[in-house]
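The residues making up each chain are set out below.
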Amino acid sequence: MEYDEAAAEQLEAIYLGPDVTAQRQDTLQRLAIREGERVLDIGSGPGFLAAAIAELTGPAGEVVGVDISRQMVDRACQRADRSWLTYRCADATALPFDDNVFDGIVSTQVAEYVPDIEMFASEVARVLKPGGRGLILATDWDALCWHSEDPDRMERILVAFKSHCADCNLPRTLAARLRMAGLLVADVSYFPIVNLDRYEGCYSEMIVPFIMAYVGAQETVSEVDLKAWADEQIALDARGAHFFSTGRFNFRILKPDQA
């Protein structure tokens, strides 16, 4: 997966927006990283989460971010300023690491884009140390709640957008697939993103260009309808009638201690 420069900039802006920043802080809290640990970020994107993890492991640890996009890896490498933080271009279903090497693994908003989720789960289990832990975040796109006064148009756009994932309903089956890979699912929590107002940088504002670009390229919804949909969101906000809600399911996993 590659992005043109404008799309890459938009993606980074989403990562730096208040909603995803809050999600990142929640993820860090749930991971409970300890000094000296070795941690893998699968689908590290622009590297903001991996960099925050590196602050917690300190130089006695090691943090590796992997991403399938060479452009994202290059951008993350450009801002990496710690010797114990590195990035590599790699496929989540063929991780270039030995068995049993990481104390912790995190993967946020990546698993639903992987066509072979069984291999993804198997690779997570393989590279985790016995007794290691991880956190896998995924969205169920059918659980998105987004107000429109033209619900038929909204439905057509969201249905067309769902195919951007390999599995838009992955959270419903993820626990079973992680267990089949030999991992324990310790618990599942939920991080909500709710935008009552469409303020600058909020998730519901930042995602609109991605939806328009993806659905527009499919040519399943007309450009006229896409523009009317985007304009409506601005108009609803101006009247105080905007509402958007989505969230991340956090699967906390453990690898059984075989010692």
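Note that this is a predicted model, so its numbers are computed, not measured.

A few words now on the nonpolar core. Of all hydrophobic cores here, the largest spans 31 residues; its most connected members are L40, I42, F97 and F120. Going through the elements one at a time, β1 (38–42), β2 (62–67), β4 (102–108), α5 (117–127), β5 (128–138), α7 (171–180) and β8 (244–254) are the ones with two or more residues in this core. Among the elements that line this core, the one with the most residues is α5, at six residues. Once residues lying within four places of it in the same chain are set aside, the contact partners of L40 are V64, V66, L95, F97, F102, G104, I105, V106 and V127. Of all hydrophobic cores here, the second largest spans 29 residues; its members include L158, F161, V208 and I211.

Across its 16 residues, helix α10 (residues 223–238) extends 23 Å between first and last C-alpha, which sits within 8% of the 22 Å expected from 1.5 Å per residue. Every buried residue of α10 is accounted for by L226, W229, A230, E232, Q233 and L236. The buried residues of α10 occupy one face: seen down the axis, they fall within an arc of 150°. In α10, the exposed residues that point more than 90 degrees away from the buried face are E223, V224, K227 and A238. Looking at the residues trailing α10, positive phi occurs at G240, about 75°.

What follows covers the pattern of salt bridges. All told, the structure shown has 23 salt bridges when counted by the stated rule. R133 serves as the salt-bridge partner of E37, at 2.8 Å between the closest nitrogen and oxygen. Of this pair, E37 sits in the loop between α2 (18–31) and β1 while R133 sits in strand β5, placing them 96 residues apart in sequence. For the residue pair E37 and R133, the accessibility class agrees, reading buried in each case. The closest approach of N and O atoms between D142 and K162, which form a salt bridge, is 2.9 Å. Residue D142 is found in the loop between β5 and β6 (145–146), and its partner K162 is found in helix α6 (residues 151–162); the two are separated by 20 residues along the sequence. The exposure class of D142 is partly exposed, given its relative accessible area of 39%. The network of salt bridges with shared partners includes D140, D142, K162 and R172.

The rules behind each value
Residues numbered from 1 in each chain as written. Predicted model: local features only at pLDDT ≥ 70, side-chain atom pairs only at ≥ 80, totals over all residues. Heavy atoms only, no water. Core = buried A, V, L, I, M, F, W, Y, C linked by side-chain atoms within 4.5 Å. Buried < 20%, exposed > 50% of the residue type's maximum accessible area, 1.4 Å probe, protein only. Helix = DSSP H or I, 4+ residues; strand = E, 2+ residues; numbered from the N terminus. Contact = heavy atoms within 4.5 Å. Expected span 1.5 Å × (residues − 1). Arc of directions from axis to C-beta. Salt bridge = Lys/Arg side-chain N within 4 Å of Asp/Glu carboxyl O.

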